[in-house]
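# A look at the structure
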Amino acid sequence: MRVRRCNIRSRVVQRQRMSPTWLSCGGLTNFESLRRRQTCPASILLSGNCNEKAASEIMPLNVAKAGPETNAVALLTPTYARDVELCALLCESVDRHVGAFSKHYLLVPDCDLLLFSRFESERRSVLPASRFLPGWLRPLPPIVQRKRRQYWWSFRAMPVSGWHVQQILKIAATIALPHRRYCILDSDVVFFRDFDLSRYEYPGSIPLLSIPGKVTANQPGHARWVETSHRLLGLPAPTLPAADYIGHIIFWDQQATRAMAAKLEAASNLDWIDALCRTREFSEYMLYGYFVQNDASFAGRHTPSLRTGCVSYWDPPRLDKAELNRLLRGADQDDVAFSAASFSGTPVQMIRAAIEETRAQLRPRAATKQTAGLGAC
């Protein structure tokens, strides 16, 4: 089958080949210079090769423009075809329970655009991964998979998995889209209580999940992510136990993310996506957490928190109905959402039914609490 190439993407690749030097670290952290570029995809944004015509051709018309309204929090969800039904449940719960956000962006592989197009709305945009990735990083055909994962290839590093690319997309979209604050939601998150995001608008403080001493030598995967984060950021080698920054309903500040990318480039002498593609194991949340923790100016924009308001199930075994209900019954009054890792294979319809049951049980309690509060007055 003959493949038609996009002229816009080809021109971008040609420009990158002609001028491989990406935007300097100073340019990355200069908000005024970036504000003029922020309607561009990250691959063009960081290379400094954006012009207004290319940006208007590449970016969809319903992406928010820079302005006062961008102080509100935007939602980011990287997802793909296997999680489409989980994503449907997330979108329904966001529309029902989440308030005061500016836009919800779904970041998907280009081949999944049509599948996710049904989620497009006035407050939600579906964006292809290629808008945020450099031209040298290309998806392999969907038929070329390992453990049912799609891979991206380049001449600069070994192929990287879709999970790897999703982490890169979170950073790239936070840098490129025109919002100062972001709330990152994986597609397996579902809200069961109202969640008002107005309190997290710029320039107020946002939560930073930080669990001191959580990562120990008995957790080799997490321990490697801690070590990798320090190496990529040019920080001294860490000691264990160390803080953990991984969770659900995670908030990022745009300027902090841009400064983090600049730090990655300064420490590696590579563009930041190139550096991450050459790293086999890393965690985007660990990177952000350790960067903020070690930068006093950005640490002041965050409030350390031990919890994120999401009841999370991270293990592989599939949940049955009784186990699912037990987890939801364990939610406290500050919890607003639930997440069962998509790789657990817990049926979406079972999650949907359990969430509806939980919501029904919460209504009487909320009404009783409200009545008691009015009586006290």
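No experiment lies behind these values; they were computed from the predicted model shown. (Residues numbered from 1 in each chain as written. Predicted model: local features only at pLDDT ≥ 70, side-chain atom pairs only at ≥ 80, totals over all residues. Heavy atoms only, no water.)

## Concerning the pattern of salt bridges
Throughout the structure, instances matching the rule amount to 16 salt bridges. Among the salt bridges present, the one from Asp 253 reaches Arg 301, with a minimum N-O distance of 3.1 Å. On the criterion of sequence distance, the pair formed by Asp 253 in strand β15 (residues 250-253) and Arg 301 in the loop between α13 (296-299) and β16 (302-305) is long-range, its members being 48 residues apart. (Salt bridge = Lys/Arg side-chain N within 4 Å of Asp/Glu carboxyl O. Helix = DSSP H or I, 4+ residues; strand = E, 2+ residues; numbered from the N terminus.)

## Considerations on the pairing of strand β4 (residues 124-128)
Within β4, 5 of the 5 residues are buried, which leaves it mostly tucked inside the rest of the structure. By the alternation rule, side chains of β4 split into Arg 124, Val 126 and Pro 128 and Ser 125 and Leu 127, which are all buried. As paired elements, strand β3 (residues 101-108) and β4 share 5 bridges and run parallel to each other. Note that in β4 the partner of Leu 107 across the bridge is Leu 127. (Buried < 20%, exposed > 50% of the residue type's maximum accessible area, 1.4 Å probe, protein only. Pairing = 2+ DSSP bridges.)

## Quick word on the nonpolar core
Counting residues in each nonpolar core, the largest one holds 76 residues, and the members touching the most others are Phe 191, Ile 249 and Trp 272. Counting residues in hydrophobic clusters, the runner-up holds 18 residues, among them Ala 331, Phe 338, Ile 351 and Ala 354. (Core = buried A, V, L, I, M, F, W, Y, C linked by side-chain atoms within 4.5 Å.)

## Some thoughts on the side chain of Ser 283
Inspection of the secondary structure puts Ser 283 in the loop between α11 (272-277) and α12 (284-293). A polar atom in the side chain of Ser 283 sits 3.2 Å from the backbone nitrogen of Met 286. Leave out the neighbours within four places in its chain, and Ser 283 touches Gln 167, Trp 225, Ser 229 and Ile 246. (Polar contact = N/O pair within 3.5 Å; in protein donor to acceptor, adjacent residues only side chain to side chain. Contact = heavy atoms within 4.5 Å.)

## Things to note about the packing of aromatic side chains
Here the structure, examined in full by the defined rule, presents 10 aromatic pairs. Plain terms: the ring middles of Phe 291 and Phe 298 are 5.8 Å apart, the flat faces sit at 40 degrees to each other, and that makes the pair tilted. The class of Phe 291 is buried, set by a relative accessible area of 5%. The rings of Phe 191, Phe 195, Tyr 200 and Phe 251 are connected pair by pair, giving a single aromatic cluster. The ring of Phe 101 carries the charged tip of Arg 123 above its face, separated from the ring centre by 3.9 Å. Directly above the ring of Tyr 202 sits Arg 180, whose terminal nitrogen or CZ lies 4.5 Å from the centroid. (Phe/Tyr/Trp six-rings, centres within 6.5 Å; stacked < 30°, edge-to-face > 60°. Lys NZ or Arg CZ within 6 Å of the ring centre and 35° of its normal.)

## Remarks on the sheet that holds strand β1 (residues 73-78)
With mixed pairing, the 5 strands of this open sheet are ordered in space as β4-β3-β1-β9-β15. Edge positions in the sheet fall to β4 and β15, since each has one partner strand and no second. Recorded for the sheet is a direction-independent mean angle of 25 degrees between the axes of neighbouring strands. Taken strand by strand, helix α6 (residues 84-97) contacts β1, β3 and β4, and its axis lies near 175 degrees from that of β3. Helix α8 (residues 162-176) rests against β1, β3, β9 (181-184) and β15 of the sheet, and its axis sits at about 155 degrees to β1. (Axes fitted to C-alpha atoms, helices over the stretch in contact; angles between N-to-C directions.)

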